[in-house]
Amino acid sequence: MSQPVHDTAGRSCVIADPGPDTQPGRPDSQSAWVAAEALLAGDRKHCLGTFEPPMIRPLPPLHIAEDELMWLNPPMSPPPIMWDFTMCMPLTTTQETETELKQVLQDACHAVLNPQQQGFFLAKLEADPDLVYHIGLSPKKLPKLIEKNPLVAIEVLLKLTTTSAITDYFGEIVTMEMSLHSMEVVNRLTTLVEVPNEFIHLYISNCISQCEQVKEKYMQSRLVRLVCVFLQSMIRNRHCNIQEIFIEVQAFCIEFSRIREAAGLFRLLKSFEEGNMAMEGPASLGSTAGTHGGLGLGGHRGGPSDLVSTTNSSSGASTTASVDSAAGAV
């Protein structure tokens, strides 16, 4: 009989006999065979049992942490009901005004307001400037508001100029599509409040870039004329530091030297460079474009075509020749 295999975690119950049994009184081989068969055969194989030491498994310590889930024993009595006693109560005057202004602002982002709506909105905002924080305005809505109702957009931005949130609104103006109304908003802001030079320079660079990206010649000429009139107003009214963008604006004038308004802007740059800027009164964009109030915002609901049709008859063909000769010198 072969020796049973020892268990890896204990010692076998059957111990091998070290030698032959020579002592008298020992059981004979038949008895040993019966005993071995009882140990190795049958349902209970005693030889497979082992004398294993009990493994001590200590209980794990409690995990104490701030976010540990605690078992709560709620009281048997139900908690008191928190009843809103202001339900179905009439709104206060301030709440009612906020609700009305929210609706007017929502309409202003999708359509042109009538004079009554615009007057109501501006009057309420003038009476309580803090309402601008509670009417649902966000930087993402500003481009739509500028295109549909630029006067409302100007008043809203004026109320936000003293807050840190104005940076996000300036960022939206810089990245929005160039238009007559966006230029009027920027022009009015620079006239009424102090605007960071970085914002003005980024806006001008964006306008120049959009003019260069337009492939259709007619539309490109309209945009270039619009930008030139805008830049002339900004330079004459000292609303921008022309020295920081002089090279970029000069290159813009040379690139579009075929357009008469670019020639006028180029001459203005040269006079500024030579220190001989004409002592004219503050020329508004409206007087240059043939309309009132800045870029023609007052009563103007057309578009850049009105401005272009006016500028077509403003200057002579000799100005283009002067730009061409100056471009060759540069």
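What counts and how
- Residues numbered from 1 in each chain as written.
- Predicted model: local features only at pLDDT ≥ 70, side-chain atom pairs only at ≥ 80, totals over all residues.
- Heavy atoms only, no water.
- Helix = DSSP H or I, 4+ residues; strand = E, 2+ residues; numbered from the N terminus.
- Buried < 20%, exposed > 50% of the residue type's maximum accessible area, 1.4 Å probe, protein only.
- Contact = heavy atoms within 4.5 Å.
- Areas by Shrake-Rupley, 256 points an atom, 1.4 Å probe, with all protein chains shown as cover.
- Patch = residues over 30% accessible without salt bridge, like charges linked within 9 Å, V, L, I, M, F, W, Y side chains within 5 Å.
- Salt bridge = Lys/Arg side-chain N within 4 Å of Asp/Glu carboxyl O.
- pLDDT = per-residue confidence, 0-100.
- Core = buried A, V, L, I, M, F, W, Y, C linked by side-chain atoms within 4.5 Å.
- Polar contact = N/O pair within 3.5 Å; in protein donor to acceptor, adjacent residues only side chain to side chain.
- Axes fitted to C-alpha atoms, helices over the stretch in contact; angles between N-to-C directions.
- Parallel < 35°, antiparallel > 145°, perpendicular 65-115°, else oblique.
- Left-handed = near helix turned anticlockwise from the far one by under 90°.
- Nonpolar A, V, L, I, M, F, W, Y, C, P; charged D, E, K, R; others polar.
- Expected span 1.5 Å × (residues − 1).

## Considering the overall build of the protein
Scanning the protein from N- to C-terminus turns up 14 helices and zero strands. Counting helices and strands in the order they occur from the N terminus, the protein gives α-α-α-α-α-α-α-α-α-α-α-α-α-α. For the protein, the residues scored as buried account for 37% of the 330 residues in total. Sequence separation of 24 or more characterises 74% of the internal contacts of the protein that already satisfy a separation of 6 or more. In the structure as shown, the protein presents an accessible area of about 21,100 Å², 58% of it carried by carbon and sulfur atoms.

## What to know about a nonpolar patch on the surface
A cluster of nonpolar residues, Ile81, Trp83, Phe85 and Met87, forms a patch on the protein surface that exposes about 560 Å² of accessible area. Considering the arrangement of structural elements, one finds Ile81 in the loop between helix 1 (29-40) and helix 2 (93-108).

## Points about unusual backbone geometry
Most of the time, phi is negative for any residue but glycine, and the peptide bond is trans. Its identity as a non-glycine residue notwithstanding, Arg238 has a phi of 60°, on the positive side. Tracing the backbone shows Arg238 in the loop between helix 9 (217-236) and helix 10 (242-255).

## A short note on the pattern of salt bridges
Going through the model one piece at a time under the given rule, you end up with five salt bridges. Here Glu126 makes a salt bridge to Lys159, at a shortest N to O gap of 3.6 Å. Placement of Glu126 in helix 3 (residues 115-127) and of Lys159 in helix 5 (residues 150-160) is noted, with a sequence separation of 33 residues between them. On the accessibility criterion, Lys159 (16% relative accessible area) is buried. Ionic pairing is found between Glu184 and Arg188, a salt bridge with its closest N-O pair at 4.0 Å. Of the two residues, Glu184 and Arg188 are both situated in helix 7 (residues 180-192); the distance of four residues between them amounts to about one turn of the helix. Its relative accessible area of 1% is what places Glu184 among the buried residues. With relative accessibility at 25%, the residue Arg188 sits in the partly exposed group.

## Brief notes about the confidence of the model for the protein
Looking at the protein, pLDDT values average 73 and 67% of them are 70 or higher. Low pLDDT (under 50) marks residues 4-10, which in the prediction has 11 contacts with non-local residues, meaning those over four places away or in another chain. Considering only residues more than four positions removed or in separate chains, one finds that residues 276-330, a stretch of pLDDT under 50, has 87 contacts.

## A look at the nonpolar core
One finds Phe121, Ile173 and Val249 to be the most contacted residues of the largest nonpolar core, which totals 66 residues. Per element, the largest residue contribution to this core is nine residues, and it comes from helix 9. In contact with Phe121, not counting residues within four places along its chain, are Leu101, Val104, Leu105, Ile135, Val152 and Val156.

## A word on the environment of Arg225
Here Arg225 is to be found in helix 9. Since its relative accessible area comes to 14%, Arg225 is described here as buried. Between the C-alpha atom of Arg225 and that of Leu265, which follows or precedes it by 40 residues, the distance is 9.9 Å. There is a polar contact of 3.2 Å between the side chain of Arg225 and the side chain of Glu261.

## Quick word on the packing of helix 8 (residues 197-213) against helix 10
Running from amino to carboxyl end, helix 8 crosses helix 10 at an angle of 20°, the nearest separation of the two axes being 11 Å. Put simply, helix 8 runs roughly parallel to helix 10. Here helix 8 and helix 10 pass one another in a crossing that is left-handed. Residue-level contacts link His201, Ile204, Ser205, Ile208, Cys211 and Glu212 of helix 8 to Glu244, Ile245, Glu248, Val249, Phe252 and Glu255 of helix 10. The class makeup of the residues in the contact of helix 8 with helix 10 is six nonpolar, two polar and four charged.

## Re helix 9
A rise of 1.5 Å per residue sets the reference length of helix 9, with its 20 residues, at 28 Å; its end C-alpha atoms lie 28 Å apart and thus fit the reference within 8%. Across the 20 residues that make up helix 9, a large majority, 16, are buried. At the N-terminal end of helix 9, a side-chain oxygen is found 3.3 Å from the backbone nitrogen of Tyr218, two or three residues along, and the residue is Glu216. Just past helix 9, the residue Arg238 takes up positive phi, approximately 60°.

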